[in-house]
Amino acid sequence: MSVPFLDLAQVNATFEPVLSSVLTQVARGNQLIRGSEVEAFEREYAHHVGTSLAVGVGNGFDALHLIFQAYLSLGRLRPGDEVLVPACTHMATILAVKQSGLRPVPVEPDIDSFLMDPSHAETQLTSKTKAIVFVHLYGQKAIDQRVLDLARKHNLLLIEDNAQAAGCGKPGERTGSLGDAAAHSFYPTKNLGALGDGGAVTTRDPELAQLVRALGNYGSVERDQFQWPGFNSRLDELQAAVLRVKLKRLDLDNERRQTLAARYLAEIKNPQVILPTVVRDHVWHLFVIRHEKRERFREALAAQGISTMVHYPVPPHRQLALADWSTSSLPITEEIHRTVISLPLNTALTDHQQEKIIRAVNQVQV
Ligand SMILES: *Cc1c(COP(=O)(O)O)cnc(C)c1O
């Protein structure tokens, strides 16, 4: 028996026959863009996140990009302003800042939780710093009172990248409701995944929400009137219908992820393996361990039929696309990228498969 890292077809099959039936229903209708499914999903998702407004957009990158573009249009940000971002994150977070004409400034993470360290953020502040992006990396809440105080003290816009942490936290304190605005991704493998691309922006600020919606619709509010030079980034009716089905089970799915993670944390006992540190709410988009001899450890697991992945092997400041970061000294980020391994953790993983993984992880010495 081999264990895949993620069998997406199997995950999606658990939503049948409802999934196919809503797809058919939308396909037979007249409205495929900006219709009742998107409207209902925006309402239901905002309610789940615990904020007043949600705007469906094309994907998670666009959600971030639209937030920055909207703040630029509102005059809350200006081209060239500095935005503090985690040095250790998905490239999309950083590219969204850069593509908006802002200057991303890397901040080192905490080695144990992988999350951006607010005390490191403070050392990167300049008079040009106007915003800070926290990424709930791997599904763990990155924001606490210290972060809120930091943002308030320095008058920074606090933006959440919630691509990896849908549904994280108790109602009333969920990720996506903690800052000024939040970006969400519904990429198929995320905790709340569509059958294609999808994303959303959540906020309590009606002016920001209206602008995000307009900018993602060519800058138009009223038909044939273009107020801003926008672009096209919309959630479509098919994806919204899928997401409405999946949102109903999100809490239950996240509980299953938490059960699987708790078992890994309790039963992995290998002195070569460094387990992740849990400091706050966590919905385990990924279960990331560290190992000094990563490649040999992965090969040994693969030899036993266990697939693992690396999120992420090359740090952003070593990517050609971020040449202006190439001289940055980011030793913690490099150490994390050198040693991390993601073990399978998803809602299709069975107890039996997890037992096999734990046995192998405990047994392999390289
Ligand atoms: C997936 C992801 C994104 C980008 O989302 P897309 O929908 O793929 O554009 C942004 N940030 C983080 C942290 C992500 O994991």
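Everything below is about the structure printed above this text.
First, a word on what this report is: a plain description of the structure on this page. (Residues numbered from 1 in each chain as written. Predicted model: local features only at pLDDT ≥ 70, side-chain atom pairs only at ≥ 80, totals over all residues. Heavy atoms only, no water.)

**Section: the environment of R204**
What counts here: The helix count covers DSSP runs of H or I at least four residues long, the strand count covers runs of E at least two residues long, and both are numbered beginning at the N terminus. The criterion used for residue contact is that any of the two residues' heavy atoms lie within 4.5 Å.
Topologically, R204 is positioned in the loop between β7 (199-203) and α8 (206-215). In sequence terms R204 and T51 are 153 residues apart; their C-alpha atoms lie 5.9 Å from each other. If sequence neighbours within four positions are ignored, R204 has contacts with G50, T51, S52, L53, S177 and G179.

**Looking at helix α7 (residues 145-153)**
Heads up, the condition is: Accessible area is worked out with a 1.4 Å probe on protein chains only. A residue is then buried under 20% of its type maximum, exposed over 50%, and partly exposed in between. Summarising the geometry, the arc corresponds to the directions from the helix axis toward the C-beta atoms. Polar contacts, as counted here, are pairs of nitrogen or oxygen atoms within 3.5 Å of one another; within protein the pair requires one atom able to donate a hydrogen and one able to accept it, and residues that are adjacent in sequence qualify only if both atoms are side-chain atoms.
When α7 is considered as a whole, its buried residues turn out to be V147, L150 and A151. All buried residues of α7 project into a common sector of 95° when viewed along the axis, lining one side. Seen from the buried face of α7, the exposed residues on the opposite side, beyond 90 degrees, are R152 and K153. The opening residue of α7 is D144, an N-cap whose side-chain oxygen sits 3.1 Å from the backbone nitrogen of R146.

**Regarding the site of the ligand**
Heads up, the condition is: Here a residue counts as near a molecule or strand whenever at least one of its heavy atoms sits within 4 Å of it. Accessibility throughout is a Shrake-Rupley quantity obtained with a 1.4 Å probe, and a residue counts as covered only by protein chains that appear here.
With respect to spatial proximity, 13 residues lie near the ligand, and among them G60, D161, Q164, S185 and K190 are the closest. The separation between an oxygen atom of the ligand and a polar side-chain atom of Q164 is 2.8 Å. At 3.1 Å, a side-chain N or O of K190 approaches an oxygen atom of the ligand. Within the complex, 92% of the 380 Å² of free accessible area of the ligand lies under protein. Only α4 (60-73) and α5 (91-99) provide two or more residues apiece to the shell around the ligand.

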